[in-house]
Amino acid sequence: MDLTYTEEEEEFRARLRQWLGQVLPGLGPKPDPNDWPGRRTYDMGWQRRLYEAGYAGLHWPVDAGGKGATPTQHLIFLEETERAGAPYVGANFVGLLHAGPTIAAEGTPEQKRKWLPPILSGDEVWCQGFSEPDAGSDLAALRTKAVRDGDEYVITGSKIWTSHAEVADWCELLVRTDPISDTVPKHRGISWLAMPMDAPGVTIRPLRTLAGSTEFAEMFLDEVRVPVANRVGAENDGWRVTMVTLSFERGTAFVGEVVACRRTLIALATEARKNGRWDDPSLRRKLALLSAEFAALWRLTQWNVSESEATGGVPGIGGSVFKLRYSHARQELYDTAAEVLGAGALDLDHEWVLDRLSSLSYTIAAGTSQIQQNIIAERILGLPKGR
């Protein structure tokens, strides 16, 4: 497999790099990390700039409002924007990285016209309503129910870890449209809905994380009415649609972060040389191993992108391999950052300290490491399922 870039791709990189050099100096200061209305305005302002410049939804299909660029060009876009220090997707990461690509792959033409342009233009933000208090890793055990009433579903239940719910316009929501029974597998009674967050009966309660941020929330649904037309895929076929969503979440959503981690490694080495900790051979060895680790993860990303390019743009199960190793490598990176900082590792105002706290969630979010190990064992290695 050829992992080198073509002349056309390098020309695309040069044009993008030039554009970034022109627009980034004009961006205003970033808002406080916990000011989510302010962050929404800032993040969506950047998305609008991308949209107007023709860089929004690069790899999305043309019929979904994208530019039809190759996944490799999308990879270059992520690499260059991260290296330039450009804003990330921020408050609308669910819309841009999960819900949008899922709708592009599974939605009807009407659904694509309704939801995708506002995502790309920065006009609407999405959140994710998957996990429940009793349905996290065992997501198929979810119990939020949707009862059909004419052309609407009446939804009752609760969700947890709903990302950016307090500033979202829409929610990608998993509901049970067929009760769990002894005769039907639980994953067959699930449907994937798009729920407007301003619908009557929706209550949001922010959750404060270990790092003090409030990007997650509990969401309570009390007889919320959602049009049947907002269902993506067939009724009770939501588990299959969810696997498409999760393939994007695990396969491509963390790509930009790999570049960021490699940049952090360079900064760690620089700081270690300044404060004298570079003299510790054990620390130098850890930094060298992490450098090799993230270089390998970047190559794995390129391989996954090449594979998705050959299979219609939807990432394959190789995303589970990436997600499993990346989660642990990120934790190892910021554990090493604590060694470099010394006593400064207790300073909660330091970016690396906050990143270390947030890294603890990576082996849980988007499917726990144990879930990823099961997927790899069963779907890649062909091992029998556990009983």
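Criteria and cut-off values
- Residues numbered from 1 in each chain as written.
- Predicted model: local features only at pLDDT ≥ 70, side-chain atom pairs only at ≥ 80, totals over all residues.
- Heavy atoms only, no water.
- Patch = residues over 30% accessible without salt bridge, like charges linked within 9 Å, V, L, I, M, F, W, Y side chains within 5 Å.
- Areas by Shrake-Rupley, 256 points an atom, 1.4 Å probe, with all protein chains shown as cover.
- Salt bridge = Lys/Arg side-chain N within 4 Å of Asp/Glu carboxyl O.
- Helix = DSSP H or I, 4+ residues; strand = E, 2+ residues; numbered from the N terminus.
- Domains from an automatic or database assignment.
- UniProt positions renumbered as here; feature names shortened; annotations may be inferred.
- Core = buried A, V, L, I, M, F, W, Y, C linked by side-chain atoms within 4.5 Å.
- Buried < 20%, exposed > 50% of the residue type's maximum accessible area, 1.4 Å probe, protein only.
- Phe/Tyr/Trp six-rings, centres within 6.5 Å; stacked < 30°, edge-to-face > 60°.
- Lys NZ or Arg CZ within 6 Å of the ring centre and 35° of its normal.
- Pairing = 2+ DSSP bridges.
- Contact = heavy atoms within 4.5 Å.
- Polar contact = N/O pair within 3.5 Å; in protein donor to acceptor, adjacent residues only side chain to side chain.
- Axes fitted to C-alpha atoms, helices over the stretch in contact; angles between N-to-C directions.
- Parallel < 35°, antiparallel > 145°, perpendicular 65-115°, else oblique.
- Left-handed = near helix turned anticlockwise from the far one by under 90°.
- Nonpolar A, V, L, I, M, F, W, Y, C, P; charged D, E, K, R; others polar.
- pLDDT = per-residue confidence, 0-100.
- Expected span 1.5 Å × (residues − 1).

### Topic: a nonpolar patch on the surface
A cluster of nonpolar residues, Val321, Ile380, Leu381 and Leu383, forms a patch on the protein surface that exposes about 340 Å² of accessible area. As for its position among the elements, Leu383 is in the segment after α11 (369-380).

### Focus on the domain arrangement of the protein chain
For the protein chain, the domain assignment lists domain 1 (7-120), domain 2 (126-236) and domain 3 (254-380). Look at where the C-alpha atoms of domain 2 and domain 3 centre, and you get two points 30 Å apart.

### So, the UniProt feature "domain: Acyl-CoA dehydrogenase/oxidase N-terminal" (unreviewed entry) in the protein chain
In this structure's numbering, the residues bearing the UniProt feature "domain: Acyl-CoA dehydrogenase/oxidase N-terminal" (unreviewed entry) are residues 6-123. End C-alpha to end C-alpha, residues 6-123 measures 34 Å, and it is 64% helix and 0% strand.

### Overview of the nonpolar core
The biggest cluster of nonpolar side chains holds 73 residues, and the ones touching the most others in it are Trp126, Trp192 and Phe294. By residue number, the principal contributor to this core is helix α9 (residues 318-341), which donates nine residues.

### A closer look at the packing of aromatic side chains
Scanning all chains against the criterion turns up ten aromatic pairs. The interplanar angle of 20° and the centroid separation of 6.3 Å between the aromatic rings of Tyr55 and Phe77 together place this pair among those described as stacked. In this pair, Tyr55 sits in the loop between α2 (36-53) and α3 (71-83) while Phe77 sits in helix α3, placing the two residues 22 residues apart along the sequence. Ring pairing ties together the aromatic residues Phe12, Trp19, Trp46, Tyr55 and Phe77, which thus form one cluster. Positioned above the aromatic ring of Tyr153 is the side chain of Arg148, whose terminal nitrogen or guanidinium carbon lies 5.8 Å from the ring centre. In this structure, Arg273 is placed above the aromatic ring of Trp278, and the distance from its NZ or CZ to the ring centre is 4.1 Å.

### Quick notes on the pairing of strand β2 (residues 145-149)
In the sheet, β2 pairs with strand β3 (residues 152-159) via five bridges, with the strands oriented antiparallel. Looking at β3, one finds that Lys145 is bridged to Thr156. The hairpin turn running from β2 into β3, its antiparallel successor, is two residues long, and Gly150 in that turn takes a positive phi close to 65°.

### Some remarks on the environment of Met195
By secondary structure assignment, the location of Met195 is in strand β5 (residues 190-196). Residue Met195 is classed as buried on the basis of its relative accessible area of 0%. With 172 residues separating them along the chain, Met195 and Val23 place their C-alpha atoms 35 Å apart. Sequence-distant contacts of Met195, that is, excluding residues within four places in its chain, are made with Asp169, Trp170, Cys171, Leu173, Val202, Met219, Leu221, Val224 and Val226.

### Observations concerning unusual backbone geometry
Leaving glycine aside, a negative phi is the common case for residues, and trans is the common case for peptide bonds. Look at Trp161: it is not a glycine, yet its phi comes out positive at around 60°. Position of Trp161 relative to the elements: it lies in the loop between β3 and β4 (170-176). The phi angle at Glu223 is positive, at roughly 55°, despite the residue not being glycine. For Glu223, the position within the fold is in strand β7 (residues 216-227).

### Side note on the environment of Thr245
With respect to the helices and strands, the residue Thr245 is situated in helix α6 (residues 238-251). When the C-alpha atoms of Thr245 and Gln47 are compared, they prove to be 21 Å apart, with 198 residues separating the residues in sequence. Those residues in contact with Thr245, other than ones at most four positions away along the chain, are His98, Thr102, Gln128, Phe130, Glu172 and Trp192. A distance of 3.3 Å separates the side chain of Thr245 from the side chain of Trp192, its partner in a polar contact.

### Examining the packing of helix α1 (residues 7-23) against α2
Viewed as axis vectors pointing N to C, α1 and α2 meet at an angle of 135°, and their least axial separation amounts to 13 Å. On the basis of their axis angle, the class for α1 and α2 is oblique. Between α1 and α2 the crossing geometry is right-handed. Residues Trp19, Leu20 and Val23 of α1 form the contact with α2, whose own contacting residues are Trp46, Arg49, Leu50 and Ala53. Its residues assigned to classes, the contact of α1 with α2 comprises six nonpolar, no polar and one charged.

### Overview of the confidence of the model for the protein chain
Averaged over every residue, the pLDDT of the protein chain is 87; the share at 70 or more is 93%. Mean pLDDT per element in the protein chain: α11 is the minimum at 77, and strand β8 (residues 231-232) is the maximum at 98.

### Points about α2
Taking 1.5 Å per residue as the helical rise, α2 with its 18 residues ought to reach 26 Å, and the 25 Å between its terminal C-alpha atoms agrees with that figure. All of the buried residues along α2 are Trp36, Gly38, Arg40, Tyr42, Asp43, Met44, Trp46, Gln47 and Leu50. Those residues of α2 that are buried are in contact with α1, α3, α4 (93-106) and α5 (109-121). Sitting at the amino-terminal end of α2 is Asp35, which places a side-chain oxygen 3.0 Å from the backbone nitrogen of Gly38. Looking one or two residues beyond α2, the residue adopting positive phi is Gly54, at roughly 85°.

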